[in-house]
Amino acid sequence: SEGATRAHALTVLAAALAELNDFPAAMRAAGEAVTAATDAGDERHALRAELVRIDARGHVDPTYATASVREETEQVLRRLQEIGDEDGVFRALLAVSRQDFYEGHCMKSLAACRQLFDRAHGRPYRDRDAVAQGFYAAAVFGPPPTAEALSLVEQGSRLSVGSLATEAIVCTIRAELLAMEG
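All values derive from a computational prediction rather than experimental measurement.

### Describing the packing of helix 7 (residues 125–141) against helix 9 (residues 164–181)
Angle between the axes and distance between the axes are the two parameters that describe a pair of packed helices.
Point 1. Contact geometry for helix 7 and helix 9: axes closest at 11 Å, N-to-C directions at 5°. When the axes of helix 7 and helix 9 are compared, the pair comes out roughly parallel. When helix 7 is examined against helix 9, the residues Tyr125, Asp129, Tyr136, Ala139 and Val140 are found in contact with a partner set consisting of Thr166, Val170, Ile173, Glu176, Leu177 and Met180.
Point 2. Counted by class, the contact of helix 7 with helix 9 contains eight nonpolar, one polar and two charged residues.

### A closer look at the packing of aromatic side chains
Point 1. Considering all chains together, one arrives at three aromatic pairs under this definition.
Point 2. Taken together, the ring pairs in this structure connect Phe101, Tyr102 and Phe141 into an aromatic cluster.
Point 3. Over the ring of Phe90 we find Arg123, and its NZ or CZ is 3.8 Å from the ring centre.

### Thoughts on the pattern of salt bridges
Point 1. By the definition in use, this model includes 19 salt bridges.
Point 2. Its salt-bridge partner being Asp85, residue Arg48 comes within 2.7 Å of it at the nearest N-O pair. With Arg48 in helix 3 (residues 43–60) and Asp85 in the loop between helix 4 (66–83) and helix 5 (86–102), this residue pair connects regions lying 37 residues apart in the sequence.
Point 3. Overall, the relative accessible area of 11% leaves Arg48 in the buried class.
Point 4. Accessibility expressed as a relative area gives 7% for Asp85, which makes it buried.

### Some points on the environment of Ala137
Point 1. Along the polypeptide, Ala137 turns up in helix 7.
Point 2. Sequence separation between Ala137 and Met107 is 30 residues; the distance between their C-alpha atoms is 9.1 Å.
Point 3. Those residues in contact with Ala137, other than ones at most four positions away along the chain, are Phe101, Cys106 and Gly142.

Parameters at a glance
- Residues numbered from 1 in each chain as written.
- Predicted model: local features only at pLDDT ≥ 70, side-chain atom pairs only at ≥ 80, totals over all residues.
- Heavy atoms only, no water.
- Axes fitted to C-alpha atoms, helices over the stretch in contact; angles between N-to-C directions.
- Helix = DSSP H or I, 4+ residues; strand = E, 2+ residues; numbered from the N terminus.
- Parallel < 35°, antiparallel > 145°, perpendicular 65-115°, else oblique.
- Contact = heavy atoms within 4.5 Å.
- Nonpolar A, V, L, I, M, F, W, Y, C, P; charged D, E, K, R; others polar.
- Phe/Tyr/Trp six-rings, centres within 6.5 Å; stacked < 30°, edge-to-face > 60°.
- Lys NZ or Arg CZ within 6 Å of the ring centre and 35° of its normal.
- Salt bridge = Lys/Arg side-chain N within 4 Å of Asp/Glu carboxyl O.
- Buried < 20%, exposed > 50% of the residue type's maximum accessible area, 1.4 Å probe, protein only.

In short, shape yes, function no, at least from these values alone.
Below you can see the structure in the form of structure tokens.
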């Protein structure tokens, strides 16, 4: 339907605005997407847009506690699982993983990214890169010893083959790890 198409387009726009760090605009677009999807009876796009809105609000609203971000994100994840929206579940698990990292739980974040690793193959670059970032963050900020951290970097880099920018990031992370080892 036209409403579902509008909801999808607004969700994509909201996600793009969030990637550009225009979080207020992302929140507005995501809110419009939720309304359009709800009006069209398209629950999966309403939930996907809600994920974008939650994330964007977490970046700009100082009254929005991390506990609320987590609770709302996990509610959306559960509902996406109930309706069988695998793409939405993938995105929601990434959001939970990011929240784990923001809360200082690198290894918990890594566990979620490991869960997504096989599913990430064949997905768009941004999705693969988001999963790889979980591996890199655990390597740099987590507790693994250098050898294990370097292995995490290698695992993550397998998701972003062909990107010179990612290759440069991986080389920088390797150098950081080796420098920390002494």
